[in-house]
Amino acid sequence: MGTTRVRRPPTPAVAERARSLVTRGGRAALVGTGEPEPCAPLMHHTWPDGTTDLLLPDDHVLRERARLTLGGLPVMLELTGSTPVPLDEPVRELLWLVGTLEEPDPATGRERALRLAEKAPHPNLLDAGRGATLLRLHPSSAVYSDAEGCAPVSPTELVAAEPDPFCRVEQVWLEHLDRAHPEMLCALRRHLPDGLGFTGGRVRPVGVDRFGLRVRVPTATGTQDVRLAFSAPADTPEELQRRFAELVGCPAAGGR
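In short, a report on the structure. Small disclaimer: the values here were computed from a predicted structure and weren't measured.

**Regarding the overall build of the protein chain**
Helix and strand counts for the protein chain come out as 7 helices and 10 strands. Taken over the C-alpha atoms alone, the protein chain extends approximately 60 × 45 × 35 Å along its principal axes. Across the 256 residues in the protein chain, those meeting the buried criterion constitute 45%. The long-range share in the protein chain, meaning contacts at least 24 apart out of those at least 6 apart in sequence, stands at 62%. With an accessible surface of roughly 13,500 Å², the protein chain has 54% of that area assigned to carbon and sulfur atoms.

Following this line, the structure appears as structure tokens:
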């Protein structure tokens with residue numbers, strides 16, 4: 001007697017999803033350090049392999065511990081990705097980078113600050129060397145988690161992965177969709193799976209990638225995130241518009 005398997009929509013690989021979060025950026029906090037509260041850096045930038053530069057006040061206890069710990073201070077950095085529209089539960093994805101935090105010598109620190117000013121300008125970089133110190137996290141391992149699963153990803157896998165082609169524009173695109181075209185989101189109801197318990201409330205966009213659209217819908221027990229797959233992967237903005245138009249069932253939407 002055979003078994004019936006429900007075919008899950010295709011999704012980007014874990015390393016690709018993690019790399020997309022790194023590319024977009026997200027809220028950062030040093031956790032698991034032994035301190036009573038997570039440490040939010042004055043600014044941070046994560047490079048493709050997970051190596052992260054963090055700016056901390058000179059008098060912060062973690063800066064002092066990193067400076068005095070031979071071989072670097074063991075830490076975990078939590079990167080949080082949020083939904084592109086305001087929701088009651090805005091956390092969409094998490095990436096935990098485990099490694100060591102070290103303070104470079106002053107010359108290297110200045111060089112890194114200048115490089116960051118070109119790559120990821122931030123006003124707090126002006127404080128580097130003037131009351132704040134730039135430290136670097138060297139990752140040894142990482143774990144990525146979202147609604148579609150939780151899995152380890154190595155720094156090697158991170159740097160080898162390509163970010164999703166829409167990861168830099170999804171915020172603006174989905175904000176516009178949610179604000180200006182709620183009727184299109186309403187049209188997506190016909191794709192919701194049977195047995196979901198959809199209560200007929202508002203459908204909200206949670207994310208988009210080359211494989212499909214993710215929406216959050218109200219159900220009898222709360223809310224549920226659902227992936228709606230495109231008919232084929234999209235690689236360009238024009239293809240994204242066409243795939244979305246197919247989902248909505250409105251060919252004219254492909255030109256918007």
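So, next bit.
**Describing the sheet that holds strand β10 (residues 222–229)**
With respect to topology, 3 strands assemble into an open sheet ordered β8-β9-β10, the strand pairing being antiparallel. Only two strands of the sheet have a single neighbouring strand rather than two, namely β8 (204–209) and β10. Neighbour-to-neighbour, the strand axes of the sheet open up by a mean angle of 25°, direction not taken into account. Sheet topology places strand β9 (residues 212–219) next to β10; 8 bridges connect them, and they run antiparallel. Along β10, the bridge assignment pairs T219 with G222. The strands touched by helix α5 (residues 170–180) within the sheet are β8 and β9, with β8 carrying the most contacts at an inclination of about 145°.

**Brief notes about the packing of aromatic side chains**
Applying the stated criterion across every chain, the model contains 1 aromatic pair. Ring geometry for W173 versus F244: centroids 5.4 Å apart, planes at 80°, classification edge-to-face. Within this pair, whereas W173 is found in helix α5, its partner F244 is found in helix α7 (residues 237–248), the two being separated by 71 residues in sequence. Here W173 falls in the buried class, since its relative accessible area comes to 19%. Its relative accessible area of 2% is what places F244 among the buried residues. The side chain of R115 reaches across the aromatic face of W47, ending 4.1 Å from its centre.

About the thresholds
Residues numbered from 1 in each chain as written. Predicted model: local features only at pLDDT ≥ 70, side-chain atom pairs only at ≥ 80, totals over all residues. Heavy atoms only, no water. Helix = DSSP H or I, 4+ residues; strand = E, 2+ residues; numbered from the N terminus. Buried < 20%, exposed > 50% of the residue type's maximum accessible area, 1.4 Å probe, protein only. Contact = heavy atoms within 4.5 Å. Areas by Shrake-Rupley, 256 points an atom, 1.4 Å probe, with all protein chains shown as cover. Pairing = 2+ DSSP bridges. Axes fitted to C-alpha atoms, helices over the stretch in contact; angles between N-to-C directions. Phe/Tyr/Trp six-rings, centres within 6.5 Å; stacked < 30°, edge-to-face > 60°. Lys NZ or Arg CZ within 6 Å of the ring centre and 35° of its normal.

Everything listed here is a matter of coordinates, which is why it stays silent on function.
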